[in-house]
Every structure is written in C-alpha cells, then in structure tokens.
Amino acid sequence: MNPGTTQLLIILGYLVLLLAIGFLSNRLFRGTKTDYQVASHSIGPFLLLMSLFGTTMTAFALVGSTGQAYREGIGVYGMLASSSGIIHSLCFFLIGVKVWTFARKYQYTTQIEFFRDRLDSDFIGVLLFPVLVGLVIPYLLIGVISSGGVIQAMTAGLAPDLSWFQSFQPDQTINPATHGGVPPWLGSLLICLVVLTYVFYGGMRGTAWANAFQTAIFMILGVVTFYVIANRLGGKASFFENLQHLSSIVPESHSTRKNMAQGQFLMYLLIPLSVGMFPHVFQHWMTAKSARTFKAPVILQPLFIMIVWVPCILIGVWTFGLFSSPDLHPSGPPLPTLSSGVVDANKILPFLVKTQTGAILGGFLAAGILAAIMSSLDSQFLCLGTIFTNDIVTHYVGKDRLSDRQQVVLTRAFIVVIVAVTYLLSLGNVRSVFAMGVWCFSGFAALFPLIVAALYWRGLSAFGAMASVVTAIATWGYLFYQGLQVPMEQGGLSAYMVHIDINGIDVSLKPVVVMVFTSAVSMILVSWITPKPSEAVLKKFFNLDQPK
Amino acid sequence: MQRQMSLTPILLVSAILLILHQDYWLWSSSKLVFGFLPVGLLWHLGVSLAAVISWAVVTQFYWPFDDDTLLDCVEEHANETAAQEPTTDGGAQS
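Residues numbered from 1 in each chain as written. Chains lettered and ligands numbered in written order. Predicted model: local features only at pLDDT ≥ 70, side-chain atom pairs only at ≥ 80, totals over all residues.

1. Quick look at the overall build of chain B
A tally of helices and strands in chain B yields three helices and two strands. Of the regular secondary structure in chain B, the N- to C-terminal order runs α-β-β-α-α. Here chain B holds 94 residues, and 26% of them are scored as buried. Sequence-distant contacts, at least 24 apart, represent 67% of the contacts inside chain B between residues at least 6 apart. (Helix = DSSP H or I, 4+ residues; strand = E, 2+ residues; numbered from the N terminus. Buried ≥ 20, exposed ≤ 12 C-beta atoms within 10 Å, placed from the backbone. Contact = placed C-beta atoms within 7 Å.)

Printed below as a string of structure tokens:
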C-alpha cells in the first residue's frame, strides 16, 4: 500500500460520517424557512457552545497558531488567544444576547434585517450587503485553500506516478512534503462538495450538529496530537520529561516576548472585536432557544480556546528550538520551505503529524484539522445563502409573494452558487491566506462600533451608520492597497503598519486601529449633525422591559 | 424581557481582565515553571482561566435577561403580526 493511502481512507471515512449527519438532521427538518435558516430557535446550551466555538475557530486556530508560534514565540497566545477569550465572551454577552432578544421579538434572521429596522433605513441594507459578503469571501477562501493544502500534505506519496499528483519545487526537484499527494484543487473540491451537501440538506440544524461533532473531534484530536508529537520529538522516557526537555531547548527569542513589540500586543486586542459583526456568528446566535442558552458559550469560550491553542503554541516553539540548531534536528526530512527557501510555517503542523505519527493516527489527526476548517466553512456558506435570500430577494420581491418553500429553495440555490464562486476563487493565486484572514477580521472589527452604537446609543442616526460603514470600507480599501505594496521579503500584507508622525515621533499603528477609530469617529460626528431616529424606533429598541 | 441592565460589573470585569492581559512585567522573563511552561505563557493561561471564572460569576449574579417575560413579548408580538398579515406557508421537505 502506498504511503498516504491509509490517511486518505480515514479522511474519506470521516467525510462520509459528516454526510450522514447532514442527512440525519434532514429527517428532523420541518420544511420552513425559519427551520432551515435558524433551526426554529431550538438550539440548547451545549450545541450553541460547540457550534459557536467551532465557527469562530478556523484553520488558523490549529495550523496558523503553530506556524505563528514558530515565527514569533509564546507571545502569540496572548496576542491572539487569551485576548479572544476575553473579548469573544464579552461580545456574546453584550451583543449576542441583546440582538437575540430583538431578533426573537421582531423575527430577524440576519444582521441586515436588524439594522434596517433599528435605523429605519432601507439603504443601510444595500450598503451593508456587499460589505459583509465581500469580507466573508476571503474568510471562506482561508478554509477552502487550507483544506486542499492539508489533504495534499497528509496524502503525500499516494500516487507519485500520476501527473496530477506530482509536486515540484521551483528548481524542478521533487517536493518531498507534497509529492504524490491529492492535488490541492481536488482536495478543496472534495471539501466544498461535502460541506455543500450537508448544509444543503441539513440547513442550520445540520450545520449545528456537524459543528458540534467537528468541534469535539478537533479538540480531542488536538490534545492527542500534542501528546504524541511531544513524546516523539522529546525522545525521553516519560511525557513530563519530554515536556521539560523540549521546553529547555527553546531559545529566549521564543520562550519570551523580547522580539515582540508591546504596542503591537496591545493593538491586537482590537482584532477579536470582529466576532461582534461576523454575519455567520450572528446567525448562530439566532438559533438559541432562550437567553439562558448563551451562558455556556459566554463562560466556556476562553477555556475552549485555551485547550486548542496552548498545545499548538508549545509545538510551534519546540519546533523552532529543534530545527534552529543542527545538533537537535530530529531524524526525517527537513521542514517544508517556500520557494524563497524560508520555512513554510503554515505547513509545520501537517508536516509534524505526517512525519512524527503513524499512518492511522496521522489520518485521524488530518481529519481533526479538516474538522476545524469545515466547522467554519459550513456556517459561512449558510449565512451567505441566507442573507442573499432574506435581504435581497425576499426583501425586494416581498415576503407575501414567496412561500416558505420557495425561500428555502432560494437559500439552497444561493448556497450552491456561493460554494462554486468560492471554489473558483480559491484556484487563483492568493498571496497569503493568513494575511488575508487578519485583514478580513480587521474589516469586521471596523464595523464593531456600529453594532455597539445600534444597541446602546439612542443618538445613532441612519446617516451616522452609513458614514461608519463607508469610512470603514474606504479605510480598509486604502490601507489594503498600501499593504499590497510591501514586498513579501519584508513580510507583505501581514507586516504593513501605518506610520504617523507626532511631534517628530514615529508612531506605528496596526491598520485595524486606524479602521476602528475612523469608523467610530465618523459615526459619532455624522450622527450628531443629522436627524435623530424617530420616537417610535427608540421606543421599539430602548424600552424592552415594558411590553406593549 | 430585559431587567434594568447595569453594565458596570460587566465592564469592570472586562477592564480588569484586559489590564491583566497586558503583562509587560513578564515580557523578558524566560523562567520555566514546572520546568516546561514559559512564565509568559503560564500567565496568559491564568488570564484565560480568570476569564472563565469571571464570566461564570457575572452570568450568575448579573444576568440581565428574563426568559419568561421575553417569551411573553415574543408571543404577544407574533399574535399582533398574525392578526395584521396572514403568513404564507408551504412545505419544503426535501
């Protein structure tokens, strides 16, 4: 049997299991739009916790965190994980539960329905629609592209004689890390088709079930991976000795944050604010059975993030320690590199799984990584299908002219189109999916002031909201263009900083800081000078404790 | 639906957690706790656990949402809507 065959069979078995979950959940489908899009608001605390966590953790949580820790050291945990633990819960509490109460009372399924009603403006929907869709697409691309890469790396050696499966380096020598593996275009296509099928048939209930299952899989397998890789890399008698040995060889650059700018650490706090405006997270909030259902995600999100991230961070810094000194290199092939010769940090985890574990465990761990990827993809596909249907077609054609059945058919049709478009885009030459991810999060974070104001500030006007959206996206576009000018050798998009001269002192800011600040300021200023919302609107959204 | 919601405890907890998050005093310390856990990483593990405990306390004692009243409101609104415009319905069983 060729290398990679076992892994491929396990991955295929896992995908079949997911399809079964999708078909099983379809048996509970009640046939209504509300059931298809928000599972008839029937999701309890456990499923909400698991599906929200699975949705917010992308490939970045497993693959990207290991790679970033390899590059920057332990500080990555504080910069991206413990901060998310605080801010995600805060968003679920202060934004999630509150919009859920409005949505249950006034029958919203999407953010745009809420904003249209809250601001008494149809145009805010027209403005938000392309912005939200445009920001979700790169997020989807991260998952689709990563899944193809993971499957290729994990099945390397499967069919080295087939021309489609061959993989070469720029100098035309064989790339040992990927040669003979399922080509990325085929792996990505397979993942897209599986996710499409269970979302198509299962709707939100299928998505929530699949998310919960996949979240459990990637959390359990993440811990198992950590245990196995630590024992293999350490080579000592006991697990604890291996932990001590591996950590002792990590250089100070990676066991401290000496090379990390303190200002950057602070500014990264703004990135997790994006969760407050993710349309797919919003739709998951809408599935909750009751307000109390939110307590589990609010409390346990930081713990779950910790369970997934800490092992990945340690593996990343250990790998740096082992491979930065020739005396400590473990046996086996060298780390995968980019065409420039630099280590391809995003392939470190799949590489370790492939080289340090057996074929069977490797196959399961590959399934775990794919689970993390797919648990975000499904919600995003469903969400885009829902907002196309509700905010464009149904809104303009009229609810009374479309039956529930027709709206479900429309949602499904849009999902098929979105999956097809995303897949085709993934075949293009994307410079860095992880840099795209951070930029996509920054865009959503720039819209964060809008949702906070809509919920807590009576003075927010429709024009103020529009100014906020326009400013956010204009600033995002301008800064993204500037980021594209940074050569890859200098870090590319990820490394771009905005430099401001204050009394001769050069202040460097992450683009997200500028985006959030300008979006908030324009919203406040324009709201001050434009007509305030009507009394009826204010009464509807700020006097909830007095039922009519 | 919502009791008079005081944001003070929630914002106070968040502020304390965010201050604890900025642990500049451990920036350059390479100490390994238990022989394997860099102290800077251990601190942030502690921040994550502190967040879990804090949110548990806040949701227990400062939960501003009352499901029973909310469901009454939902039902009342649904009745009003139903009285104003009858909804279309159809099956979409696949």
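2. Describing the overall build of chain A
Tallying secondary structure elements over chain A gives 22 helices and two strands in all. A globule of 548 residues ought to have a C-alpha radius of gyration of about 24 Å, and chain A, at 23 Å, matches this closely. Over its C-alpha atoms, taken along the principal directions, chain A stretches across nearly 75 × 65 × 45 Å. When contacts within chain A are restricted to residue pairs at least 6 apart in sequence, long-range pairs at least 24 apart make up 83% of them. (Rg over C-alpha atoms; globule rule 2.2 N^0.38 Å.)

3. Structural notes on the pairing of strand 2 (residues 505-509) of chain A
All names here are of chain A. For strand 2, the buried fraction is low: zero of the five residues fall into the buried class. The sheet contact formed by strand 1 (residues 498-502) and strand 2 spans five bridges and is antiparallel. Directly across from Val498, in strand 2, lies its bridge partner Leu509. Adjacent in sequence and paired antiparallel, strand 1 and strand 2 are bridged by two residues, among which Asn503 carries a positive phi angle near 50°. (Pairing = 2+ DSSP bridges.)

4. Quick look at the nonpolar core
Judged by nonpolar contacts, the single largest core of 200 residues is most densely connected at A:Ile313 and A:Ala445. Among all residues touching A:Ile313, those that are not within four sequence positions of it are A:Ser65, A:Ala69, A:Ile74, A:Val76, A:Tyr77 and B:Leu41. (Core = buried A, V, L, I, M, F, W, Y, C linked by C-beta atoms within 7 Å.)

5. Concerning unusual backbone geometry
Residues and elements named next belong to chain A. If you check the backbone angles, Ser40 has positive phi at about 55° while not being a glycine. With respect to the helices and strands, Ser40 occurs in the loop between helix 2 (33-38) and helix 3 (45-56). On the neighbour-count criterion, Ser40 (17 C-beta atoms within 10 Å) is partly exposed. The phi torsion at Gln107 lies on the positive side, around 65°, for a residue other than glycine. Residue position: Gln107 is located in the loop between helix 5 (75-106) and helix 6 (111-118). C-beta crowding within 10 Å serves as the criterion here: with 14 such atoms nearby, Gln107 is assigned to the partly exposed category.

6. Quick notes on the packing of helix 7 (residues 123-154) of chain A against helix 14 (residues 348-356) of chain A
Residues and elements named next belong to chain A. Contact pair helix 7 / helix 14: the axes reach a minimum separation of 9 Å and the direction vectors enclose 20°. Put simply, helix 7 runs roughly parallel to helix 14. As for the relative orientation of helix 7 and helix 14, their crossing is right-handed in sense. Residues Val150, Ala153 and Met154 of helix 7 touch helix 14, and the partners they reach there are Pro350, Phe351 and Lys354. Of the residues that constitute the contact of helix 7 with helix 14, the class distribution is five nonpolar, no polar and one charged. (Axes fitted to C-alpha atoms, helices over the stretch in contact; angles between N-to-C directions. Parallel < 35°, antiparallel > 145°, perpendicular 65-115°, else oblique. Left-handed = near helix turned anticlockwise from the far one by under 90°. Nonpolar A, V, L, I, M, F, W, Y, C, P; charged D, E, K, R; others polar.)

7. Some remarks on helix 6 of chain A
Residues and elements named next belong to chain A. With seven of eight residues buried, helix 6 is to be regarded as a mostly interior element. Looking at helix 6, one finds that the buried residues are Gln111, Ile112, Glu113, Phe114, Phe115, Arg116 and Arg118. Phi turns positive, to about 50°, at Asp120, one or two residues after helix 6.

8. Structural notes on helix 1 (residues 5-26) of chain A
All names here are of chain A. Taking 1.5 Å of rise per residue, the 22 residues of helix 1 would be expected to cover 32 Å, and the 32 Å separating its terminal C-alpha atoms lies within 8% of that figure. Every buried residue belonging to helix 1 is among Gln7, Leu8, Ile10, Ile11, Tyr14, Leu15, Leu18, Ile21, Gly22 and Ser25, and all of these are buried. Within helix 1, the buried residues cover an arc of 170° as seen down the axis, which keeps them to one side. Of the exposed residues in helix 1, the ones pointing more than 90 degrees away from its buried face are Gly13, Val16 and Ala20. Buried-residue contacts for helix 1 involve helix 7, helix 8 (184-234) and helix 15 (359-397). (Expected span 1.5 Å × (residues − 1). Arc of directions from axis to C-beta.)

9. Some points on the confidence of the model for chain B
Residues and elements named next belong to chain B. Considering every residue of chain B, the mean pLDDT works out to 79; 65% of them sit at 70 or more. For chain B, helix 3 (residues 67-84) is the element with the lowest average pLDDT, namely 64, and helix 2 (residues 39-61) is the one with the highest, namely 95. In the predicted structure, residues 86-94 sits below a pLDDT of 50 and forms 20 contacts with residues beyond four places in sequence or in another chain. Reported confidence for the predicted complex is 0.87 by ipTM and 0.88 by pTM. (pLDDT = per-residue confidence, 0-100.)

10. Some thoughts on the environment of A:Leu119
Residues and elements named next belong to chain A. Tracing the backbone shows Leu119 in the loop between helix 6 and helix 7. Residues Leu119 and Thr394 lie 275 residues apart in sequence; the distance between their C-alpha atoms is 19 Å. The contacts of Leu119, once residues within four sequence positions are left out, are Ile124, Ala462, Ala465 and Pro533.

11. Notes on the packing of helix 15 of chain A against helix 16 (residues 404-426) of chain A
All names here are of chain A. With their axes 8 Å apart at the nearest point, helix 15 and helix 16 run at an angle of 125° to one another. Taken together, the axes of helix 15 and helix 16 lie oblique to each other. Judged by the sense of rotation from one axis to the other, the crossing of helix 15 with helix 16 is right-handed. Residue-level inspection shows Phe381, Leu382, Leu384, Gly385, Thr386, Phe388, Thr389, Val393 and Thr394 of helix 15 in contact with helix 16, the latter providing Gln407, Leu410, Thr411, Arg412, Phe414, Ile415, Ile418 and Val419. Considered class by class, the residues forming the contact of helix 15 with helix 16 number 10 nonpolar, six polar and one charged.

12. Comments concerning the environment of A:Ser324
All names here are of chain A. Among the secondary structure elements, Ser324 is positioned in the loop between helix 13 (295-323) and helix 14. By the C-beta count within 10 Å, which is 16 here, Ser324 ends up partly exposed. Placed 73 residues apart in sequence, Ser324 and Pro251 show a C-alpha to C-alpha distance of 8.9 Å.

13. Remarks on the environment of A:Val310
Along the chain, A:Val310 turns up in helix 13. By C-beta crowding, A:Val310 is classed as buried, having 24 other C-beta atoms within 10 Å. Taking C-alpha positions, A:Val310 is 29 Å from A:Arg292, a pair spaced 18 residues apart along the chain. Those residues in contact with A:Val310 that lie beyond four places of it in its chain are A:Tyr77 and B:Leu45.

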